[in-house]
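# Inside the fold
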Amino acid sequence: TSGARVPALVIGTGYGGSVAALRLAQAGVDVHMIEMGMAWDTPGPDGKIFCNTREPDHRSYWLRTRSKAPLNYFLGFPIDRDISRYTGILDAEDFSGITVYQGRGVGGGSLVNGGMAVTPKRENFGAVLPSVNAAEMYDIYYPRANAGLGVSSVDPAWFDSTACYQYARVGRKHAQRSGFPFVFVPDVYDWDYMKQEAAGTVTKSALAGEILYGNNHGKKSLQQTYIARAKATGRVAISPLHKVTSVAPAAGGGYTVVIDQLNTNGDTTATKTVTADRVFFAAGSVGTSKLLVKLKATGALPNLNDEIGKGWGDNGNVMCGRANHMWDPTGSLQSAIPCAGIDNWAAGGAFAEVAPLPTGIETYASFYLAITKNPNRAQFSWNAATGKADLNWQTSWKQPAIDMAKTIFDKINAKEGTIYRTDLFGTYKIWGDHLTYHPLGGAVLNKATDNYGRLTGHPGLYVIDGSLIPGNTSVNPFVTITALAERNIEKIIATDL
Ligand code: FAD
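Predicted model only: the values in this text are computed from it and were never measured. (Residues numbered from 1 in each chain as written. Predicted model: local features only at pLDDT ≥ 70, side-chain atom pairs only at ≥ 80, totals over all residues. Heavy atoms only, no water.)

## Notes on empty space enclosed by the protein
Inspection of every chain in the model, using the stated rule, returns 1 cavity of 30 Å³ or more. Space inside the largest cavity adds up to approximately 40 Å³. For the lining of the largest cavity, the elements supplying multiple residues, two or more each, are β14 (350–355) and β15 (365–372). Of all the elements, β15 adds the most residues to the lining of the largest cavity, at 3 residues. Here the lining of the largest cavity is built from residues that sort into 7 nonpolar, 3 polar and no charged. (1 Å grid on protein atoms, 1.4 Å probe; cavity = no way out; pocket = protein on both sides within 12 Å on 5 of 7 lines; lining within 4 Å. Points joined across faces, edges and corners; volume = space filled by probe spheres on them. Helix = DSSP H or I, 4+ residues; strand = E, 2+ residues; numbered from the N terminus. Nonpolar A, V, L, I, M, F, W, Y, C, P; charged D, E, K, R; others polar.)

## Points about the packing of aromatic side chains
A full pass over the atoms with the stated rule returns 22 aromatic pairs. With 6.1 Å between their ring centres and 90 degrees between their planes, W158 and Y165 make a pair best called edge-to-face. Across this residue pair, the class does not change: W158 and Y165 are buried. When the centroid spacing of 5.6 Å and the interplanar angle of 75 degrees are considered together, the rings of F182 and F184 count as edge-to-face. Residue F182 is classed as buried on the basis of its relative accessible area, which comes to 15%. F184 sits in the partly exposed class, given a relative accessible area of 32%. Of the aromatic side chains, those joined through ring pairs into one cluster are W158, F159, Y165, Y167, F182, F184 and W191. (Phe/Tyr/Trp six-rings, centres within 6.5 Å; stacked < 30°, edge-to-face > 60°. Buried < 20%, exposed > 50% of the residue type's maximum accessible area, 1.4 Å probe, protein only.)

## Regarding the sheet that holds strand β7 (residues 182–184)
Spatially, β7-β13-β14-β15-β12-β18 is the arrangement adopted by the 6 strands of the open sheet, whose pairing is antiparallel. Edge strands, defined here as strands with exactly one partner in the open sheet, are β7 and β18 (419–420). Note: strand β12 (residues 318–323) against β18, 2 bridges, orientation antiparallel. Within the sheet, the bridge partner assigned to R322 lies in β18 and is Y420. Relative to the sheet, helix α5 (residues 166–177) contacts β7, β12, β13 (340–344), β14 and β15, its axis offset from that of β14 by approximately 145 degrees. (Pairing = 2+ DSSP bridges. Contact = heavy atoms within 4.5 Å. Axes fitted to C-alpha atoms, helices over the stretch in contact; angles between N-to-C directions.)

## Observations concerning the domain arrangement of the protein chain
Taken as a whole, the protein chain is organised into domain 1 (5–40 + 222–312 + 440–496) and domain 2 (76–96 + 152–218 + 313–436). A straight line from the C-alpha centre of domain 1 to that of domain 2 covers 29 Å. Facing 29 residues of domain 1, the contacting portion of domain 2 comprises 30 residues. Note on domain 1 versus domain 2: buried area summed over both sides is about 2400 Å², and carbon and sulfur give 60% of it. On the domain 1 side of the contact with domain 2, W40, W312 and N472 bury the most area, a combined 28% of that side's loss. As a salt-bridge pair, E93 and K290 come within 2.6 Å of each other at their nearest N and O atoms. (Domains from an automatic or database assignment. Buried area = accessible area lost by both parts, 1.4 Å probe. Salt bridge = Lys/Arg side-chain N within 4 Å of Asp/Glu carboxyl O.)

## Concerning the pattern of salt bridges
Tallying each qualifying case throughout the model produces 25 salt bridges. One salt bridge in this structure joins D57 and R59, with 2.7 Å as the shortest N-O distance. Note on R59: relative accessible area 6%, which makes it buried. The salt bridge involving R64 is made with D94; its shortest N-O contact spans 3.0 Å. Of this pair, R64 sits in the loop between β2 (31–34) and β3 (73–74) while D94 is found in strand β5 (residues 90–95), placing the two residues 30 residues apart along the sequence. The class for D94 is partly exposed, based on a relative accessible area of 44%.

What follows is the structure in structure tokens.
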């Protein structure tokens, strides 16, 4: 309600926000979480909460009238379709030179992502978060995050026999024949549930191609883990379809937070003002960066420093497909949950997930999402003329990522006598270099904030999401975002409350 006063307000309900809410509530603090997306707790007309990847409807995209699938062509034909405008679950947010995919709703990215829950190799951690004590992270906070998220790995014996991972076994064979280390990738999916899907005894989710627009069963999103525990404390309230537009110091102390209430068409139906003693920015790398550059430039938070908006990276994401020979089919049944990767980080700067292509038909294609050591970093800045935040990423900045991915796939193609697919991202286009799933940075730890996420110049304001991480995690990011949030909130609770 407008005019209310809350001890702690959390902007966003993704990984950082959920960790903050749970730990603050457990410490006895009442928390109000504000989320621009929907609650995603009510079935639609088809009896399901989330729509299927193969049949995107209004639930699929955030305020678009046409779907914008990451892999947008097949056999040279565009696969996007018209949809009705709605506050759907996946935001394909366009900036100059890059489309940034993000989850919208209670649970943030955990609603749409593949659930791949990877802890970086310890030898790489110094480059991921240079100012953070690695021993503490690997002894305490990574284990805490993995436990809180419910992370586990596929049963290797089942992996070897199930039809739904034939594509990953083909990926393993090709990786190993070229001398690359093949690794299992842990996930938050319930592997027992997936076994039952394969046995035909439960409703299919991963095996029905559910990914990107939500999983109706099997995947433990934050709604099933951190957020469920936070709600169970009785101290956490969540307001979906509410978007924070301003945070500024309040006359009597604390901060005035301005919030737009949205309808499912994305229109503002009410504007509310609340006062919060502490505000946690957990709107994700893009959401937090956009807010902070605006609040600094417009004078709402004048003491923020010049690091705001800087150090943004795409985790080196680049996608590609390979065309296999007829004797290497990847299977018409593909689990939408990836479980395997090819590690060439040390030698070539690339870690590639063996990704599904759950079309329901045999494609003879191997598909990959590579995370690379791309050194390019972009910056958000406030554009007063348009009233929006700009990101200065350039299309050509993906070239180092492509070169690093090629250290894996050129070699595999040479060994196997195969070629790249040129029909997945356009016509005669090999690389999916127009997007990222892994935005990171924009309010970098120990630069825009102190070493625990306290924003400089405004006591009581904190950043606690992916914007703290300077652009790259060497693997999929959410375990690191969660572990860093666990570390920071523990310190904040111990010393600031
Ligand atoms: P988010 O999870 O993005 O949460 C931020 C929340 O804040 C969102 O719910 C957003 O709607 C809300 N918000 C934003 N602005 C406002 C505002 N002004 N007011 C109110 N609310 C606001 N990572 C992995 O580790 N493994 C994977 O397998 C994986 N697969 C992915 C697949 C896809 C398709 C995508 C898009 C991402 C994937 N990721 C994966 C990335 C991962 O989901 C993100 O890194 C992670 O969600 C970021 O966490 P966060 O807490 O920083 O923010």
